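Coordinates in review
Letter by letter, the chains look like this.
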Amino acid sequence: MLRRGLVAWASRVGVVLVVACCCLSLLYVLACSPHSDESRAPLPRANSPTGKEGYQALLQEREEQHRHYISSLKKQISQLKEALQERSEQLKSVQDSLERAAGAPPVGLLDGAAERNHADLQEFLRSQLGRAEVHSGVKLPSEYAVVPFESFTLQKVYQLEMGLTRHPEEKPVRKDRRDELSETLETAVQALNTPRDGDNPQQQKAYSHADFIEGISRTEKDKGTLYELTFRGDRSHEFRKLVFFRPFGPLMKVKNERVDTASMLINIVVPLARRADKFRNFMHNFREVCVRQDGRIHLTVVYFGKDQMSEVKGILENTSREINFKNFTLIQLNEEFSRGRGLDVGARAWKGGNVLLFFCDVDIYFTAEFLDSCRLNAQPGKKVFYPVLFSQYNPSLIYGHHDNIPPIEQQLVIKKDTGFWRDFGFGMTCQYRSDFINIGGFDVDIKGWGGEDVHLYRKYLHSNLLVVRSPSRGLFHLWHEKRCADELPPEQYKMCMQSKAMNEASHGQLGMLFFRHEIEAHLRRQKHNGAGKKT
């Protein structure tokens, strides 16, 4: 009786797996079958301007797409066959052990226990997903309780926790890290290439690793690992974003959505007092990135005082006239400079609906890719984006003589000796105006430099919004000499001096400067000893 029940159970499982294998094989055959003439895109004629070259290029593109899709299907079939073989071996092992066991429970009870264990496992995994910060944020006591994200591309991982042997960006050298990211990426590509209900597989884009742009991940040690992956979409300014969660077990697909950023306007708010030369450099990058490349930007400049006001106004007017850029607002405040006050005024001055705000400073350099990250990582009522920017060291110390300093675009390299992740700074942030207003905005009583950004950051940590904290490879703080005013309160002055010390150079470079007299003396002794040996 026991053996008969076990054989029946094994038969049912085997039939299910065989049916699944057949379905995948049928899908493979359909994908590899030639399409009808009606569904084919028109090919270039032999006497057209592109001619034979265009025909071959289109065929090569189609062949590449089908090759990726077929490879994905083959891998799924192979995995299913392995699972079938493994399950067969497990069933055989269970059968042997039951035959050897004396007084074993009836098969019906065994089936019920297995079903209960499976249900308990599913319930546990879903509880892990519910406890993690995936769908919404949780209230945190302070900025020290935040678990930051790491960002990664196909080749590099950008990380905050460096220690002495790690670098701000590196290839994942540990095998477990490489395998983890490779599995997640492969799972995402398979999910994108799996047709949804109602989709026409013939018209669906075949996604590959080349479509992957960037991902972020973080691990909550008592829950699991969260992954958010961004791929290029079918059209310009369209992206595909997938969210996965690994609750210390199988990878679970949480979300597979299409994100259209074509109509997402960003209002960049910049507070300013004097520093017209820095503003001129800022506008040079703004022209190229925001106007020529992106084209979905509004600029709000909040200027304090009257000194150099005419120069700043002239720079904006020249930009408007030369490249026909009209999307800017200049607000003048005749009062003492306060960064928090300026950003608060700039955010509240917008009257065009719920816009995405990017709070920025005049000494910040950003890329068009960062603007897309800004759009993808902020969501009204759900998420705010606090990128960690890469802060440049003093170029005079990095490159030596002033004449050796390369152009600014060549200086912005993410390396251990060129800068550091500014993980103690919270001033650059992307958030929707509605969230900024609802949270209460900045503390406008804070004057001068520093403090206002941490105050706002802590407000979000104490709310139910998800705070996305991740290194951004397209956001840089340009080095400039920092002066800490004597008028600052002790706490602000201490923060200013700490920032100044961090800004100059790496530990190794500062060590070389600190011990330069000993190094020079050593070189002189070496030279003297060498001369003595020759004589």
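Computed from a predicted model, the values in this text were never measured in an experiment. (Residues numbered from 1 in each chain as written. Predicted model: local features only at pLDDT ≥ 70, side-chain atom pairs only at ≥ 80, totals over all residues. Heavy atoms only, no water.)

Let us now look at the pattern of salt bridges. By the definition in use, this model includes 24 salt bridges. Measuring nitrogen to oxygen at the nearest pair gives 3.8 Å for the salt bridge that ties Asp372 to Arg296. Of this pair, Asp372 sits in helix α8 (residues 368-376) while Arg296 sits in the loop between α5 (276-294) and β9 (297-304), and the two are 76 residues apart along the sequence. The exposure class assigned to Asp372 is buried, which follows from its relative accessible area of 19%. On the basis of relative accessibility, which here comes to 9%, the residue Arg296 falls in the buried class. (Salt bridge = Lys/Arg side-chain N within 4 Å of Asp/Glu carboxyl O. Helix = DSSP H or I, 4+ residues; strand = E, 2+ residues; numbered from the N terminus. Buried < 20%, exposed > 50% of the residue type's maximum accessible area, 1.4 Å probe, protein only.)

Turning our attention to the packing of α5 against α8. One can describe the packing of α5 onto α8 by two numbers: an axis separation of 9 Å at closest approach and a directional angle of 70 degrees. The angle between α5 and α8 places the two elements in the roughly perpendicular class. From α5, Val289, Cys290, Gln293 and Asp294 reach across to α8, where they touch Ala368, Leu371 and Arg375. Taken together, the residues that form the contact of α5 with α8 break down as 4 nonpolar, 1 polar and 2 charged. (Axes fitted to C-alpha atoms, helices over the stretch in contact; angles between N-to-C directions. Parallel < 35°, antiparallel > 145°, perpendicular 65-115°, else oblique. Contact = heavy atoms within 4.5 Å. Nonpolar A, V, L, I, M, F, W, Y, C, P; charged D, E, K, R; others polar.)

All right, on to the sheet that holds strand β5 (residues 224-232) then. In space, the 7 strands of this open sheet follow the order β3-β2-β1-β4-β5-β6-β7, with antiparallel pairing throughout. Of all the strands in the sheet, the pair left with one neighbour each is β3 (169-170) and β7 (252-260). Pairing of β5 with strand β6 (residues 238-246) involves 8 bridges; the strand directions are antiparallel. Bridging from a neighbouring strand, Phe231 pairs with Arg240 of β6. The sheet contacts of helix α4 (residues 175-193) involve β1 (150-152), β2 (157-158), β4 (212-220), β5, β6 and β7, and relative to β5 the element is tilted by about 50 degrees. Here α8 sits on the sheet in contact with β4, β5, β6 and β7, set at roughly 60 degrees to β6. (Pairing = 2+ DSSP bridges.)

Worth remembering: the numbers are spatial, not functional.
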